[in-house]
Amino acid sequence: MSAPVEGVIPSPNIWSSPDVYELENTGVDRSGVLDAALREVADWTGRDVLDVGCGAGFHLPRLAATARSVVGVEPHPPLVERARARVAGLRTATGGPVRVVAAGAAATGLPDTSVDVVQARWAYFFGPGCEPGLAELARVVRPGGTACVVDVDATRSTFGGSFRRTWPDYDPDAVDRFWRRQGWTTDRLSVDWSWPTREQFEAVLRIELSPEAADRVLAEDPERTGCDYGVVLRWRRY
């Protein structure tokens, strides 16, 4: 088992409910809107890729299918073990390595200018306070490379409104201003967020929202197995 990474802020959804979070991953962006946008901004075909906050490694095989090399960085020891088990023996499309490093976003341990594309999906880079991680990106990304951050768009969508009710102190306008000051571009996308059954949808809602916010979404439509979901794709070239 990997040692805990000092100073890491817990991520209650995946840390407390990794199996439900794995289910959640299967229901996000079924139509591929986000993946297409990520490829347009930073196609990782034949490139060296870093997945920051890779969790249990859900996206690592998908990245490896076309990348030259893939490294996932994850601070939470149980998730590190899950991710390593997931990619054990896996190689990239060009025969390169796929590995998982136990580290945080602010200190990945990777060499300078060693990656071409960075993805961070719902991990660490939430706005003010993430400056150490941004400095780390500037260190590890090669000139001409691109970093991409995916987060909830709390300004719109059923999920965005529910997110605001769960986290009333969250200020999406202040977060947007922060990213503009850092020189990042923000694209707003709408993605699929649904599951085959009501029970699966409810399980996912309850690891992401407060009980009151989840109850409100569920009460709006007793047949609902998903809801509209807005995301922001933030990116920067180096």
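(A) Up close: the overall build of the protein chain. Across its full length, the protein chain carries 10 helices and seven strands. Rg of the C-alpha trace for the protein chain: 17 Å, near the compact-globule value of 18 Å for 238 residues, within the 12% margin. Within the protein chain, the proportion of its 238 residues that are buried is 50%. A total of about 10700 Å² of accessible surface is found on the protein chain, and carbon and sulfur atoms cover 53% of it. If the 27 positive side-chain charges of the protein chain are averaged to one point and the 33 negative ones to another, these points end up 5 Å apart.

(B) Focus on the packing of aromatic side chains. A full pass over the atoms with the stated rule returns 11 aromatic pairs. Seen in terms of ring centroids, Phe163 and Tyr170 are 5.2 Å apart; in terms of plane orientation they differ by 90 degrees. Their pairing is edge-to-face. The exposure class assigned to Phe163 is buried, which follows from its relative accessible area of 16%. On the accessibility criterion, Tyr170 (18% relative accessible area) is buried.

(C) Examining empty space enclosed by the protein more closely. The tally for this structure, following the rule as stated, stands at one cavity of 30 Å³ or more. For the largest cavity, the calculated volume is near 30 Å³. Around the largest cavity, the lining residues are Val152, Asp153, Ala154, Tyr170, Pro172, Val175, Asp176, Arg188, Val232 and Arg234. With three residues, the single largest contributor to the lining of the largest cavity is helix α8 (residues 172–181).

(D) Fine view of helix α6 (residues 131–140). Along α6, the residues that are buried comprise Gly133, Leu134, Glu136, Leu137 and Val140. In a view along the axis of α6, the buried residues occupy a sector of 155 degrees, so they form one face of it. Next to the buried residues of α6 lie β1 (48–52), β4 (115–121), β5 (141–152) and α8.

(E) Focus on the pattern of salt bridges. Summed over all chains, the structure comprises 20 salt bridges. One salt bridge connects Asp116 with Arg142, and the closest N-O pair in it is separated by 3.0 Å. Of this pair, Asp116 sits in strand β4 while Arg142 sits in strand β5, and the two are 26 residues apart along the sequence. In this structure, Arg139 and Glu136 form a salt bridge, with 2.7 Å as the shortest nitrogen-oxygen distance.

(F) Broad picture of the packing of helix α9 (residues 198–208) against helix α10 (residues 211–220). Direction vectors running N to C along α9 and α10 enclose 150 degrees, while the axes themselves pass 9 Å from each other. As summarised for this structure, α9 and α10 are arranged roughly antiparallel, according to the angle between their axes. Seen along the crossing, α9 lies across α10 with a hand that is right-handed. Contact residues: α9 offers Arg198, Phe201, Glu202, Leu205 and Arg206, while α10 offers Pro211, Ala214, Asp215, Val217 and Leu218. For the contact of α9 with α10, a count of residues per class yields six nonpolar, no polar and four charged.

Conventions we followed
Residues numbered from 1 in each chain as written. Predicted model: local features only at pLDDT ≥ 70, side-chain atom pairs only at ≥ 80, totals over all residues. Heavy atoms only, no water. Helix = DSSP H or I, 4+ residues; strand = E, 2+ residues; numbered from the N terminus. Rg over C-alpha atoms; globule rule 2.2 N^0.38 Å. Buried < 20%, exposed > 50% of the residue type's maximum accessible area, 1.4 Å probe, protein only. Areas by Shrake-Rupley, 256 points an atom, 1.4 Å probe, with all protein chains shown as cover. Lys, Arg positive; Asp, Glu negative; His and termini not counted. Charge placed at Lys NZ, Arg CZ, Asp CG, Glu CD. Phe/Tyr/Trp six-rings, centres within 6.5 Å; stacked < 30°, edge-to-face > 60°. 1 Å grid on protein atoms, 1.4 Å probe; cavity = no way out; pocket = protein on both sides within 12 Å on 5 of 7 lines; lining within 4 Å. Points joined across faces, edges and corners; volume = space filled by probe spheres on them. Arc of directions from axis to C-beta. Contact = heavy atoms within 4.5 Å. Salt bridge = Lys/Arg side-chain N within 4 Å of Asp/Glu carboxyl O. Axes fitted to C-alpha atoms, helices over the stretch in contact; angles between N-to-C directions. Parallel < 35°, antiparallel > 145°, perpendicular 65-115°, else oblique. Left-handed = near helix turned anticlockwise from the far one by under 90°. Nonpolar A, V, L, I, M, F, W, Y, C, P; charged D, E, K, R; others polar.

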